[in-house]
Amino acid sequence: MEAFDLSRRLAAEALGTGILVATVVGSGIMAETLTKDVALALLCNTLPTGAILVVLVSVLGPISGAHFNPAVTLVFTGKRELPANEAALYAIAQIAGGIAGTMAAHLMFALPVIDVSTKMRTGGPQWFAEAVAAFGLITTILAGIRFQRAAVPWLVGLYITAAYWFTASTSFANPAVAIARSLTNTFAGIRPIDLPGFILAELCGALVGMLLMIWLLGRPHARTVPIAETTR
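Residues numbered from 1 in each chain as written. Predicted model: local features only at pLDDT ≥ 70, side-chain atom pairs only at ≥ 80, totals over all residues. Heavy atoms only, no water.

Student: Honestly, the nonpolar core in this entry has me stumped. Any pointers?
Tutor: The nonpolar side chains of a soluble globular protein tend to be buried with one another. Judged by nonpolar contacts, the single largest core of 42 residues is most densely connected at Leu20, Leu137 and Leu142. Mapped by element, the contributors of at least two residues to this core are helix 1 (6–34), helix 2 (38–64), helix 3 (70–78), helix 5 (124–147), helix 6 (152–166), helix 7 (175–181) and helix 8 (195–216). When neighbours within four sequence positions are excluded, Leu142 is seen to be in contact with Val75, Phe76, Lys79, Met210, Met213 and Leu217. (Core = buried A, V, L, I, M, F, W, Y, C linked by side-chain atoms within 4.5 Å. Buried < 20%, exposed > 50% of the residue type's maximum accessible area, 1.4 Å probe, protein only. Helix = DSSP H or I, 4+ residues; strand = E, 2+ residues; numbered from the N terminus. Contact = heavy atoms within 4.5 Å.)

Student: Whenever I open this one, the packing of aromatic side chains confuses me. Can you help?
Tutor: Here a ring pair, both rings aromatic, is described through the centre-centre distance and the interplanar angle of the planes. Applying the stated criterion across every chain, the model contains 2 aromatic pairs. For the ring pair Tyr159 and Phe166, a centre distance of 6.2 Å and an interplane angle of 75° mean the geometry is edge-to-face. Overall, the relative accessible area of 12% leaves Tyr159 in the buried class. For Phe166, a relative accessible area of 49% corresponds to the partly exposed category. Ring plane angle 70° and centroid distance 5.0 Å describe the contact between Phe172 and Phe198, whose orientation is recorded as edge-to-face. (Phe/Tyr/Trp six-rings, centres within 6.5 Å; stacked < 30°, edge-to-face > 60°.)

Student: Looking at this structure, how should I read the pattern of salt bridges?
Tutor: A full pass over the atoms with the stated rule returns 4 salt bridges. Between Glu81 and Lys79 there is a salt bridge, and its shortest N-O distance comes to 2.6 Å. The class for Glu81 is partly exposed, based on a relative accessible area of 49%. Taking the shortest distance from any N to any O, the salt bridge between Arg191 and Asp194 comes out at 2.9 Å. (Salt bridge = Lys/Arg side-chain N within 4 Å of Asp/Glu carboxyl O.)

Student: Got a minute to help me understand the packing of helix 1 against helix 4 (residues 84–108) in this structure?
Tutor: In a packed pair of helices, the relevant descriptors are the angle between the two axes and the axis-to-axis distance. The geometry of helix 1 relative to helix 4 is characterised by a closest axis approach of 6 Å and an angle of 35° between their N-to-C directions. Helix-helix and strand crossings are classified by hand; for helix 1 and helix 4 the assignment is right-handed. On helix 4, the residues touching Leu6, Arg9, Leu10, Glu13, Ala14, Thr17, Gly18, Val21, Ala22, Val25, Gly26 and Ile29 of helix 1 are Glu86, Leu89, Tyr90, Ala93, Gln94, Gly97, Gly98, Gly101, Thr102, Ala105 and His106. Of the residues that constitute the contact of helix 1 with helix 4, the class distribution is 11 nonpolar, 9 polar and 3 charged. (Axes fitted to C-alpha atoms, helices over the stretch in contact; angles between N-to-C directions. Left-handed = near helix turned anticlockwise from the far one by under 90°. Nonpolar A, V, L, I, M, F, W, Y, C, P; charged D, E, K, R; others polar.)

Student: What is the right way to read a nonpolar patch on the surface from this model?
Tutor: A cluster of nonpolar side chains, namely Met103, Leu107, Val113, Ile114 and Val116, defines an oily patch on the protein surface of about 400 Å² accessible area. Of the residues examined, Leu107 reaches a relative accessible area of 57% and is grouped as exposed. (Patch = residues over 30% accessible without salt bridge, like charges linked within 9 Å, V, L, I, M, F, W, Y side chains within 5 Å. Areas by Shrake-Rupley, 256 points an atom, 1.4 Å probe, with all protein chains shown as cover.)

Student: Whenever I open this one, the side chain of Thr17 confuses me. Can you help?
Tutor: By the secondary structure assignment, Thr17 is in helix 1. For Thr17, a relative accessible area of 0% puts it in the buried group. In terms of polar contacts, Thr17 uses its side chain to reach the backbone carbonyl oxygen of Glu13, at 2.7 Å. Setting aside anything within four residues of it in sequence, one finds Thr17 in contact with Phe68, Gln94, Gly97, Gly98 and Ala176. (Polar contact = N/O pair within 3.5 Å; in protein donor to acceptor, adjacent residues only side chain to side chain.)

Below is the structure:
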């Protein structure tokens, strides 16, 4: 894979996270405009998010690894595949890009550039759902890299599409996206006061997923060949 310098990788992380958040927030605004049916609005929010993830991971993955998520970056730092100083810069770029994505979505729909959310998302079930969402995302990424590297963009997009519906929190699974979504008082929003619980749950879920997959995907043992087979 072609190597890109740090400035280009940070730009790719900011751009990818920005487009992802613009898609999440923008499709939520469009859904609220077109329907009052909450289930249909969630579907309208889900499909563009899953689709854009396939695109973004495909086109920006070769540049930066397409983390777009501080929890994912933390995992790759924990696996010693990304230095801690670069990981910190990745997270800053992701958060800045996500905020820019919210602002872009608001501008497209003639809303205030920043509009702090009042949408309550809190409580044990929501936090557990976020831990599950991040756990599943990390297991999907790490197992995908190991066994189906070329399919990772589709695996990530499909996982998030599914997790929107099987988690009580609609699967934020991403601290940078959660922060960006606290700045929109629309369908996708979350109150800033609810962020700590979400972010902590996401990081914990990601770390548990990493530890499990390190064990589960550990170096496979060579199959012992029975002596009888060697004489055939």
